[in-house]
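The primary structure of each chain is shown beneath.
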Amino acid sequence: MIRSQFYILSVGILLLTAISGGAAPETVQLSNSVWTVDIATQSLAVNAYPVESETAVPISAAQPGFGNVADFSQDDDTVSWRIVDRFLTVQFELVGESLSVAFVHNRQTSDTLRLTWPVIEDSQSLRAYILPLFEGSYVPQNDMTWQNFLSERGPINTTAGLSMPFWGLDLTDRTLTYILTNPFNNHIRFNKTSSSGLGMQVSHTFKPNWEQRKYGLRISLGAASPVAPAKQYRHWLQQNAEFVSFAEKIEKTPTAEKLLGAAHVYLWGGKLLSEYDVTDWKTFATRLTGDNKIATRIWTQLNTKVQKVLQEIVQSDYPSKYARRVVTRAISKQLEKQNFYDSSLWVEVPLTPEAEQLSSRDVSTLSLTGLYRRNCLLFYAVFSDTLRHPDEWGDGLSLKLLEQFAENGLDRLWLGVDSWQEGFRHPTAVAKAKALGYLVGPYDSYHSIHHPNEKDTWETAQFDLSLYESGAIVNADGTKSHGFKKKGYHLSPLVAQPYVEDRVNGILEQMSSGFNTWFIDCDAYGELFDDYSISHPATQLDDMNARLARMAWIRDTHHMVIGSEGGAAYSAPTLHFAHGMTIPVIGWGDPDMKSKTSPYYVGGYWPPEGPAVHVKQVPLKPNYLYHYYDPRFRLPLYQIVFHDSVITTHHWGAGSLKFENAIGTLALLEQLYNVPPLYHLNIEEFSKHKAWITQHYAFFSPLHRQIGGQTMTDFEWLSDDRLVQRTEFGDAVEIFANFRTDAFEYESLVIPAQSVVARQIGRGEITVFSVE
């Protein structure tokens, strides 16, 4: 008796599988003009034989214990059967030059089922793994340092641990590419083999909350190029209409064009009045300690520590940075209070029309921008002979620093602030940034939710009690999923959307000059959840779609240039930019990077004017240099796929100037890949690093304007030690990087040591960037 069943496989094609009751052969064979594939039905071992080659290409090793096989069927290009004990239907199909593999779990059950396939073992032909770990990694099979790093890392989630759902094998004279057609609920494990090699296993978990439980791969042979797998993945995206170019994004959001040629900068200051806004510290402190009624009122609001510092400033001709910052923090805190203004105290103080108008209004009707403006104008009216005008106040986000940027030729910048409060504090600077052609916007997040009474909280995690009690993501065991740093809970994106809209609309409504870019943390990192909540159940797919929807809402409703952390492949059609792809988070949880006695201590989140964790330069541990920076092991896989779709740079915890023993190498990688740098700046930090920043910008920015929205069409090593490299951008530009300490000659072109050379294809024009 013959029956027919239809399964919609993850490749998106409706396939008819004819199932018969006959016994399955131990080995079946599929063949076309590209290769012959041998498949063992009992063990799921698969070997391929390319045309004109007698050498087998192992695709997956044998595994025991799959159980009985039934309902075998085969036609010219397809073979399928059922693994009875596991309620799995297996299908292999030759589709053009690829082998399509699909597993469907066809039993409704409350249990999970884990399937491991493929299993990749050490072999003589396996030279290296090609892995999209952040930007991309080349992992030699016999490299013990990499073996230890990957085998000790534990399971790698293929949405959070891989930037793109594929990997490749360097087989010396060819590559083998595996593309996951279902990127969810997969984990990769690496293990050392008995032959001192590195093995790899991929597992998929079929979860009961998924209506359609499928797992699939697309496997292809390719050229002997380390970026061939990335090219195949890009082609697969384009075939499936899942690729959106940056040019298309600019059509929809024209302001996104400002990203081309822009360096990325986080600005720090964190308060209304900065140390640079007091023009006469001695007089200012003397007046604050005097008997003026307004000064007396302010004085009584200050704690004894601040009062003591002010008295010391009165006695000093050169107050310390510490003293200046203590005082300006305390004054800024006073200036943000609703009750700062007492009309009886300002009766005899001449006010500007703007100050009079703001002071005449009921304070409850003022936006935060209006409240801060009112208080700053009132304060300035009393101390104007010792202060800059409030329009000029601020440190990172200030007219002072913005004008320095412009004077130094930095005409395109993405400027981020760690809090939307900075927009309320310094609206004149926001307007100036936009007038200069910059993008400026806040850090935001909807990843975690805290109790409204939580003391050690952050503004992005605050919503309301109702959402705190009902909006948490629920684990399979019924417990709530703890949020970042185990604080609060992870917030379901399915219920967060009204709060997203209220927050974003509310922020922009309070601003006299709104932001034109928005950064949402975590949403593009790849950490996706199966939510077992009764009121808002979700699969990882649902979770992903809700995250993308909220970013798209901000982008489209407010015409924002939208960015997020990471830039995982699923987010690429939505995002304009991403932070954390070129260099990701490094050493999370490493005690050496958290211990104040360690030379590798990255610093804390203090002071607010420039948190040490971002601006303090420290050495990076050798093992991290090896895995994250060493150019011998880096590949521009993400750029091959998405250079003309998403602008990517570093995680803000690993900025371009953070690790002092990696600055030069990273600068060469940035220029080679044509990706922007990321800096953390205030007035002091820009003064320190201005020469380096402007040198880097002079090379990077013109090139990125030219090719930032174009495809990276190739990458190759030009030397056996892999320290001389070349990238190509269509028929426009080729870029050479020499990471060696001596010059290298390539086809009559001399590439100086520790340098990058960009050559205009066809015209021969050359520009050089050197770090020595």
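Here, the structure is the one placed above.
### Observations regarding the side chain of R634
(1) Moving on: Here R634 lies in the loop between α18 (622-629) and α19 (637-642).
(2) Moving on: For the buried R634, which has no salt bridge, the nearest side chain bearing the opposite charge is E135, at an N-O separation of 5.0 Å.
(3) Moving on: Here the side chain of R634 touches T582 through a polar contact of 3.0 Å, landing on its backbone oxygen.
(4) Moving on: At 2.8 Å, the side chain of R634 and the backbone oxygen of Y628 are in polar contact.
(5) Moving on: Residue contacts for R634: discarding those within four places in its chain leaves F134, E135, G136, T582, I583, Y628, Y629, L669, Y673 and F715.

### Overview of helix α1 (residues 144-153)
(1) Moving on: Of all the residues in α1, the buried ones are W146, Q147, F149 and L150. Burial along α1 is one-sided: seen end-on, the buried residues are contained in an arc of 170°.
(2) Moving on: Where α1 is buried, its residues touch β12 (128-131), β13 (137-140), β17 (186-192), β18 (198-206) and α18.
(3) Moving on: Where α1 starts, the residue carrying a side-chain oxygen 3.0 Å from the main-chain nitrogen of T145 turns out to be D143.
(4) Moving on: Of the residues flanking the end of α1, it is G154, one or two places downstream, whose phi is positive at about 85°.

### Remarks on the packing of aromatic side chains
(1) Moving on: In total, this model carries 42 aromatic pairs according to the counting rule given.
(2) Moving on: Measuring from ring centre to ring centre gives 5.8 Å for F103 and W117, while their planes differ by 55°; the resulting arrangement is tilted. Remark: W117 occurs in strand β11 (residues 113-120) and F103 occurs in strand β10 (residues 98-105); sequence separation between them is 14 residues. Considered together, F103 and W117 belong to a single accessibility category, that of buried residues.
(3) Moving on: Aromatic side chains W458 and F484 sit 6.2 Å apart centroid to centroid with 70° between the ring planes, which places their arrangement in the edge-to-face category. Of this pair, W458 sits in the loop between β23 (448-449) and α13 (465-470) while F484 sits in the loop between α13 and β24 (489-490), and the two are 26 residues apart along the sequence.
(4) Moving on: Given a relative accessible area of 29%, W458 falls into the partly exposed group.
(5) Moving on: One residue, K594, lies across the ring of W588, its end atom 5.3 Å from the ring centre.
(6) Moving on: Over the aromatic face of W717 sits the side chain of R722, whose NZ or CZ is 5.6 Å from the ring centroid.

### Describing unusual backbone geometry
(1) Moving on: Along the chain, W117 connects to P118 via a cis peptide bond; the corresponding omega equals 5°.
(2) Moving on: Along the chain, the position of P118 falls in strand β11.
(3) Moving on: Of note, the bond from W606 into P607 is cis; its omega dihedral lies within 30 degrees of zero at 0°.
(4) Moving on: Structurally, the position occupied by P607 is in the loop between α16 (591-594) and α17 (612-615).

### Structural notes on the layout of surface pockets
(1) Moving on: Space inside the second largest pocket adds up to approximately 710 Å³.
(2) Moving on: Around the second largest pocket, the lining is made up of 30 residues, and of these T181, N182, P183, F184 and L541 lie nearest the centre.
(3) Moving on: Looking at the lining of the second largest pocket, the elements that each hand over two or more residues are α2 (228-239) and α15 (540-557).
(4) Moving on: Looking at the lining of the second largest pocket element by element, the count peaks at three residues for α2.
(5) Moving on: In the lining of the second largest pocket, the residues fall into 17 nonpolar, ten polar and three charged.

About the thresholds
- Residues numbered from 1 in each chain as written.
- Predicted model: local features only at pLDDT ≥ 70, side-chain atom pairs only at ≥ 80, totals over all residues.
- Heavy atoms only, no water.
- Helix = DSSP H or I, 4+ residues; strand = E, 2+ residues; numbered from the N terminus.
- Buried < 20%, exposed > 50% of the residue type's maximum accessible area, 1.4 Å probe, protein only.
- Lys, Arg positive; Asp, Glu negative; His and termini not counted.
- Salt bridge = Lys/Arg side-chain N within 4 Å of Asp/Glu carboxyl O.
- Polar contact = N/O pair within 3.5 Å; in protein donor to acceptor, adjacent residues only side chain to side chain.
- Contact = heavy atoms within 4.5 Å.
- Arc of directions from axis to C-beta.
- Phe/Tyr/Trp six-rings, centres within 6.5 Å; stacked < 30°, edge-to-face > 60°.
- Lys NZ or Arg CZ within 6 Å of the ring centre and 35° of its normal.
- 1 Å grid on protein atoms, 1.4 Å probe; cavity = no way out; pocket = protein on both sides within 12 Å on 5 of 7 lines; lining within 4 Å.
- Points joined across faces, edges and corners; volume = space filled by probe spheres on them.
- Nonpolar A, V, L, I, M, F, W, Y, C, P; charged D, E, K, R; others polar.

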